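Inside the fold
Take a look at the letters that make up each chain.
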Amino acid sequence: MKKQKLVVIGNGMAGIRTVEELLKLAPDLYDITVFGAEPHGNYNRILLSPVLAGEMALPDIVLNDFAWYKDNGIVLHAGRQVTRIDRIARKVTADDGTVADYDRLLLATGSTPFILPIPGSDLSGVIAYRNIADTEAMIAAATAHQHAVVIGAGLLGLEAANGLKRRGMEVTVVQFADWIMERQLDKPAADLLQASLEARGLRFLLGKQSEALLANNGRVCAVRLKDGMEIAADLVVMAAGIRPNTQLAEAANLYCHRGIVVSDTMQTYDPKIYAVGECVNHRGTVYGLVAPLFEQAKVCANHLANFGIGRYVGSSVSTKLKVTGIDVFSAGEFLGGKNTEEIVLNDRAGGVYKKLVIAGDRLSGAVLVGDTTDGAWYFRLIKDQTPIAELRDRLMFGEGSLGDSGHAHGRNAATMADTAEVCGCNGVCKGTIVKAIRQHGLFTIDEVRKHTKASSSCGSCTGLVEQILASTIGGAYKPASSADKPLCACTDYPHAAVRQTIRAQKLLTIDAVMHFLEWRTPNGCATCRPALNYYLISTWPGEAQDDPQSRYINERAHANIQKDGTFSVVPRMWGGLTTPDELRRIADVAEKYRVPTLKVTGGQRIDLLGIRKQDLPGVWQDLGMPSGHAYGKSIRTVKTCVGAEHCRFGTQKSMAMGVALEKMLFGMWSPHKVKLAVSGCPRNCAECGIKDVGVIGIDSGWEIHVAGNGGIKTEVAQFLCKVDSDAQVKEYSGAFLQLYREEGFYLERTVHYVQRVGLDYVKQRIVEDGASRCALYERLLDVLKDAADPWTERVSGPAKREFEALTA
Amino acid sequence: MNEWKTLCALEDIPRLGSRVVNTANGDIALFRTGDDRVFALDDRCPHKGGPLSQGIVAGERVTCPLHGWLVELASGHAVAPDQGCVKRHEARVDAGKVLIRLA
């Protein structure tokens, strides 16, 4: 079949990102031709500021060199501007006469700087700040001239001013509004930023309007303001805003209104013509930052590839100023209004200003100056519309105040030394991450994980790595939203959609899910298969078959793999109780199998470490104890204190309650591990505050706390309700865990699940709605009624091969 | 050159799974893909020696159970950006039997 022809007008970040996304989905669908007005390959326009400031060189910012176009069979017409689109003949014509036919056309014409219509704006020495040529002109001017005036104190204007100052010029910034970066900052934040820029030698004239540019020998020599003031200027940079490039589209009679108007599928009014990037008006918004453009590119590529799924529904944007050493962040509705509240921290001497705008119990905007450590976190809270009622008292103090193990040092990426360790698990320091980001052109946290291993293990340094990414590539960084993040690289669907589809379509096998949702890989990967297996068996218990090959080795072998390939065995001790007979058998097994290490675990049981895989069935048989599931995304232990049975303070029989809960939950698989604790009195010796379910005895009954966590991020469990009887403890705890089993995402702990759906929702389903609670509890008991013990259920049949080696 | 040895029936290896083969020169991991091809690699991840036989098999790759490195079954090479290589052995299926020739 003859290939279709795709013509791309615009060789910038939006257009080429679309092509890259398209090649990933359908590498052979089109013959692709790209027209670009600049004589370069695609480069990272955002990094022009560091180039201007002398921190990076031009070759560092190239994203796609000419070889890339050649390797991918793309015809590139660099330095040729398309002047005409003929929609009837379906062809485009460039300024040098080059003609290209198209079946589908992609417009990514970007925008042009707005040149103030004042006398002298066409003089030599007056430039905009948009592309490599402008940057080179500014660098050249800085070597030959002394005085620069930047008109406009927006993001671009300040970066230009800073760069020119760094190159030794005297720089004055003229701004019509009363404070700088008025589109991104409120006045107090702007004042603070202005003070720190002034400390670097920049001069500001605010609330001033330029009237004319004066000439000397054909070159600009001064700027005259409306109030008559004249400022010497050998170089004038116009940074008073940008305008979408729509002339070409308008000439072709495509509907434009402050941009080329597109639908949610990135199509213009001519369905054969798509448009992405800064030239586009989507639902009334024109985006000037790169993160939304990348989202548009993804959707557009999907439709160009004939997949026909995915809609672009707009983006929330955040801004970061790329002036080295000055941290500014702003996102969302930062100005606030009638129905919002504000939390403000203003430390002028310390150079820190933070304002959080809250609407209802959601964060709606944030402005940070001086310390942007938590920018990515705030942005995520805004995007995900996370309920913040529970966080509110600590919100201003950042994600770090919520407790993060292993990161007591170095929370601020900008001030960290290159040699400072960022990822404590994999020993990756800041310099390594920055180098990888620059060398390999990384844009996402996943790419950084792959290349450096930072944040790929326990994940507690993710926030820090995000900051480093954000400060290295600036606005190109878009924090992942957990809501639409694909489950893994094999699919575009997020966890929620996969769960929902499995239920709605009654899919019963992994193959069926992958087929129905058009997985990109034949058998998925080590990330999606365990998730799918869990979703199937938890959604369709008794109908979907468990697939051992889609389980991590620990769950397949019912033991915990260790660094040397041996395993650890933890037999179950209900509620942490044991008997002389059990201890004797453990001692005998330890001697018989020469177990090198015996350890008492934090979950009140005994771990036998260093057992060879082939010995596992024998060990289990000799122990004669059920599996402790210390290896599973499953019920682990119920920790208990001594309670009223012996303790002189005890108000309730916590050991008996713990044993009853553990027996009820035996064999329960869950999205992630589940730990419980039962304390007999409010002294809480069983540490219920850091468990998924913590039950605390009081004189009149029990308190139930949920969603605590003692691991990477210590989170105190939240009070769910008080109940009167042991039977109610089982019912409420069981119903909560079943809700989590049915709605939690794979590898999402209860703390994150409850953060996602909100404690109010959980209370409504478990406490207020009795029918919902009973139904959940019944479903749990139904699943668990014939849960078998994987150890005493003698290993036989094909499963036995798991533990037997072949010889050659 | 070593000779081909018959190890087991194809059905003795779970689909998308593996078996360990003990040899005089250490353990070998014997894999079966979703489309019933077999591959043999030394049972040592090039990263930190993890037992590849215990990993999850998908497509023509296995994920090491210790730190998640991906290793190509056909070549023994780690998937970029990781770098490393593990020794491979020839393996094939003949009339439902799995044969191996040690390298």
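As a starting point, this report considers the structure included with it. (Residues numbered from 1 in each chain as written. Chains lettered and ligands numbered in written order. Predicted model: local features only at pLDDT ≥ 70, side-chain atom pairs only at ≥ 80, totals over all residues.)

A few points about the overall build of chain B
Across its full length, chain B carries zero helices and nine strands. From first element to last, N terminus to C terminus, chain B shows the α and β order β-β-β-β-β-β-β-β-β. Within chain B, the proportion of its 103 residues that are buried is 47%. In chain B, the proportion of contacts linking residues at least 24 apart, taken out of those at least 6 apart, comes to 39%. (Helix = DSSP H or I, 4+ residues; strand = E, 2+ residues; numbered from the N terminus. Buried ≥ 20, exposed ≤ 12 C-beta atoms within 10 Å, placed from the backbone. Contact = placed C-beta atoms within 7 Å.)

Some points on the pairing of strand β12 (residues 147–151) of chain A
Residues and elements named next belong to chain A. Within β12, four of the five residues are buried, leaving the element largely enclosed by the surrounding structure. Taken together, the five bridges between β12 and strand β13 (residues 170–175) define a ladder with parallel strand orientation. When the bridges of β13 are listed, His 147 appears paired with Glu 170. Since β12 and β13 lie parallel, the crossover through helix α5 (residues 155–166) that links them has a hand, and here it is right-handed. (Pairing = 2+ DSSP bridges. Right-handed = clockwise from strand over helix to strand, strands pointing away.)

Quick look at the interface of chain B and chain A
Taken residue by residue, the interface counts 27 residues in chain B and 20 residues in chain A. At the level of secondary structure, the elements contributing two or more residues to the side of chain B that touches chain A comprise β1 (4–9), β2 (17–22) and β5 (56–58) of chain B. Ranked by residue count, the leading element in the side of chain B that touches chain A is β2 of chain B, at five residues. Here the side of chain B that touches chain A is built from residues that sort into 14 nonpolar, nine polar and four charged. (Nonpolar A, V, L, I, M, F, W, Y, C, P; charged D, E, K, R; others polar.)

Here's the deal with the sheet that holds strand β7 (residues 70–72) of chain B
Within a sheet, each strand pairs with its neighbour through backbone hydrogen bonds, oriented either parallel or antiparallel. All names here are of chain B. The antiparallel open sheet is built from three strands, whose spatial order is β5-β6-β7. A strand with exactly one partner marks an edge of an open sheet, and here the two such strands are β5 and β7. The mean inter-strand angle of the sheet, taken between neighbouring strand axes irrespective of direction, is 25°. The pairing of β5 with strand β6 (residues 61–63) spans three bridges and is classified as antiparallel. Within β6, the position partnered with Val 57 by the bridge is Val 62. (Axes fitted to C-alpha atoms, helices over the stretch in contact; angles between N-to-C directions.)

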